[in-house]
Amino acid sequence: MKPVKVGICGLGTVGSGTFNILQENAEEITRRVGRSIVVEQIGARRDNPTCDTTDIDITRDIFDVANNPEVDIIVELIGGTSVARELVLTAIENGKHIVTANKALIAEYGNEIFEKAQAKGVMVAFEAAVAGGIPIIKTLREGLSSNKIEWLAGIINGTGNFIMTEMSEKGRAFDDVLKEAQELGYAEADPTFDVEGIDAAHKLTILASIAYGIPLQFEKTYTEGISRITAEDVSFAQEMGYAIKHLGIARRTKAGVELRVHPTLISKKALLANVNGVMNAVMVKGDAVGPTLTYGAGAGALPTGSSVVADIIDVARTLTADPTNRVPHLAFQADQLSDEAILPMDEIECGFFLNMTIQDRAGVLANITQILSTNGISIESVIQREREGSDLVPLVVMTHDVKERNMNAAIAAIEALPDVAGAVQRIRVENLA
Ligand SMILES: NC(=O)c1ccc[n+]([C@@H]2O[C@H](COP(=O)([O-])OP(=O)(O)OC[C@H]3O[C@@H](n4cnc5c(N)ncnc54)[C@H](O)[C@@H]3O)[C@@H](O)[C@H]2O)c1
Ligand SMILES: N[C@@H](CCO)C(=O)O
Ligand code: NA
């Protein structure tokens, strides 16, 4: 059979990993697919010293690749959303299949891209877009397709998890660890995407659509990053038996779907509490299977390239299949996506860890507990600490589950007390059993 011809656009971290795996594992890949996969052309602004591209046709204009009649599959690895969207839509218009690692593109423009791909009978594969090397898209879309998904929760940003781990285990400074994550090729071009939770929200948006058969709704995903978590929060949480992890959580309730990304206290004994460094992991609870866990490197050239190449193999295997028999882009048939509501944050119910600074004076604690109780919030535990040479002391309160709306009202009232200094730090608590 004649080879499948691939055009790679973007030869950075992921592009180089993809190229090198295709070269290194060519023989095995041919044995798996039944035909060879060759790199027909590369579109790149500059060469990548980690790749031997001798004898490969390299163009500086990525649209040459999208318009190259020889290319069967376009591999989009330039990142960003404006040029990438134009590139992908052009390639689809030309009847090419797409493989991409670009979660921003899929989360924000996936509905449009899938519609066009469906009309043209081409595939768009994006395993590398969520949790790098972990086959979580395939797991949800195919492996767990017999289940109603109850909830999923994951550590889905490698850079953020790497920063939190290095800070809490080695006491390193935030900026220093972020710089290392950038040098290692983990971080997004704009690292605020990692640190402020936007990248995780892109990924959660994609996972939720595949889990529940709903259109991609990035704008409705609640997004909070790791930048305001302090070493003190981590140490109080540890003292109470918890780890703080940055999680993406999607849960189906009777009222609608919860879609939220935020730092979360989870029991130190929970499996996810032990996922450290650049590692990612996603727990999925299906009604038939129960809880499952997928774990592996969430970023980096070869782990991400592993997913990109697996997608290329998948597309190569089904190139000639009748498009109506392929696995749908969002796991459910395109005309079967539902308009199930995404719940506003006010409606979410969970426990809270509150860390505040108060005047060390009689009656302050009583005022705070009174406010919590008025708002229907019951306390699970309290830590109050002396601080030498200061009458401002930390107070940490853990609450039982309560609606976010009640907690907002309570926090506003607590912050208005004259004996409470500054803002109340709130971190949500989840029981992932
Ligand atoms: N780095 C990771 O670990 C990782 C993991 C999963 C997904 N991703 C995603 O993969 C994509 C690529 O990320 P990366 O880390 O490889 O980025 P990168 O910056 O290392 O590589 C991108 C490359 O594309 C090139 N490029 C950009 N625009 C171009 C254009 N118009 N024409 C030609 N070349 C162009 C850049 O010069 C660069 O070499 C992004 O969407 C990212 O979110 C990255
Ligand atoms: N910047 C992303 C790359 C993988 O998607 C991360 O750190 O997880
Ligand atoms: Na993946």
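Fair warning: this is a prediction, and the values are worked out from it, not measured in the lab.

Visitor: Could you give an account of the coordination of the sodium ion (ligand 3), with specific residues and numbers?
Guide: Around the sodium ion (ligand 3), the protein supplies Glu127 (O), Glu127 (OE), Val130 (O), Gly132 (O) and Ile134 (O) as donor atoms, at distances of 2.3 to 3.0 Å. Sequence positions of the donors to the sodium ion (ligand 3) reduce to the motif E-x2-V-x1-G-x1-I.

Visitor: Account for the domain arrangement of the protein chain, with residues named and values stated.
Guide: Assigned domains of the protein chain: these are domain 1 (4-133 + 302-336), domain 2 (136-297) and domain 3 (346-429). Computed from C-alpha coordinates alone, the two centres of domain 1 and domain 3 are separated by 50 Å.

Visitor: Lay out helix H1 (residues 13-24) with the relevant residues and their values.
Guide: Compared with the 16 Å implied by 1.5 Å per residue over 12 residues, the 16 Å span of H1 between its first and last C-alpha is a close match. Along H1, the positions that sit buried rather than exposed are Val14, Gly15, Ser16, Gly17, Thr18, Phe19, Ile21 and Leu22.

Visitor: Give a description of the sheet that holds strand S3 (residues 57-59) that names residues and reports values.
Guide: As a general point, the strands of a sheet are linked pairwise by backbone hydrogen bonds and lie either parallel or antiparallel. Pairing is parallel across the open sheet formed by six strands, whose spatial order is S3-S2-S1-S4-S5-S6. Every other strand in the sheet has two partners, leaving S3 and strand S6 (124-125) as the edge strands with one partner each. Relative to strand S2 (residues 37-43), strand S1 (residues 4-9) runs parallel, the two being bridged by six bridges. Note on S2: the bridge partner recorded for Cys9 is Gly43. Where helix H4 (residues 82-93) meets the sheet, it contacts S1, strand S4 (73-76), strand S5 (97-100) and S6, and its direction lies at approximately 175 degrees from that of S4.

Visitor: Mind laying out the site of ligand 1, listing which residues take part and the relevant values?
Guide: Close to ligand 1 lie 20 residues, the nearest being Thr13, Val14, Gly185, Glu188 and Gly300. Gly300 places a main-chain nitrogen or oxygen 2.7 Å from an oxygen atom of ligand 1. Split by residue class, the shell around ligand 1 holds eight nonpolar, eight polar and four charged.

Visitor: Requested: an account of the UniProt feature "domain: ACT" (unreviewed entry) in the protein chain, with residues and values cited.
Guide: Sequence positions flagged by UniProt for "domain: ACT" (unreviewed entry) are, in local numbering, residues 353-428. The span residues 353-428 shows a helical share of 30% and a strand share of 42%, and its end C-alpha atoms are spaced 6 Å apart.

Visitor: Describe in detail the confidence of the model for the protein chain, supporting the description with residues and values.
Guide: Residues at a pLDDT of 70 or more form 100% of the protein chain, whose mean pLDDT is 96. Scored as a whole, the predicted complex attains pTM 0.97, and scored at its interfaces, ipTM 0.99.

Visitor: If you had to explain unusual backbone geometry to someone new, which residues and values would you point to?
Guide: The residue Asp55 is not glycine, and still its phi comes out positive at about 70 degrees. Relative to the helices and strands, Asp55 is located in the loop between S2 and S3. Residue Asp55 is classed as exposed on the basis of its relative accessible area, which comes to 81%. In the Ramachandran plot, Ala131 falls in the positive-phi region, its phi being about 60 degrees despite a non-glycine side chain. Within the element layout of this structure, Ala131 appears in the loop between S6 and helix H6 (136-143).

Reading the values: the criteria
For every chain, the first residue of the written sequence is number 1, and numbering continues from 1 along that sequence. Both sets of labels track the order of writing: A upward for chains, 1 upward for ligands. Thresholds applied to this predicted model are a pLDDT of at least 70 for local features of residues and 80 or more for the giving and counting of side-chain atom pairs; totals over whole chains, interfaces and linings are not thresholded and use all residues. Note that water and hydrogens are dropped before the side-chain values are worked out from all heavy atoms of the structure. Keep in mind that water is not among the atoms, so a site may look incomplete; donors are the N, O and S atoms within 2.8 Å of the metal, or 3.2 Å for Na, K and Ca. Each domain's limits were defined by an automated method or a database of domain assignments. Each helix is a run of H or I in the DSSP string that is no shorter than four residues. Each strand is a run of E no shorter than two, and both are numbered from the N terminus. Expected helix span is taken as 1.5 Å per residue step, with the number of steps being one fewer than the number of residues. For the exposure calls, accessible area comes from a 1.4 Å probe over protein chains only, and a residue counts as buried if that area is under 20% of its type's maximum, exposed if over 50%, partly exposed in between. Whether two strands pair comes down to DSSP finding at least two bridges between them. Only heavy atoms enter the contact rule, under which two residues are in contact if any of them lie within 4.5 Å. Angles here are taken between N-to-C directions and fall from 0 to 180 degrees, while the axes themselves are lines fitted to C-alpha atoms, restricted in helices to the stretch in contact. Here a residue is considered near a molecule or strand provided that any single heavy atom belonging to it is located within 4 Å of it. N or O atoms closer than or at 3.5 Å make up a polar contact, with two conditions inside protein: a donor-capable atom paired with an acceptor-capable one, and, for residues adjacent in sequence, both atoms drawn from side chains. Gly counts as polar in this scheme, as do all residues outside two lists: the nonpolar Ala, Val, Leu, Ile, Met, Phe, Trp, Tyr, Cys and Pro, and the charged Asp, Glu, Lys and Arg. UniProt positions are given in the numbering used here, feature names are shortened, and annotations may be inferred rather than shown by experiment. A score from 0 to 100, pLDDT tells how confident the predictor is in each residue.

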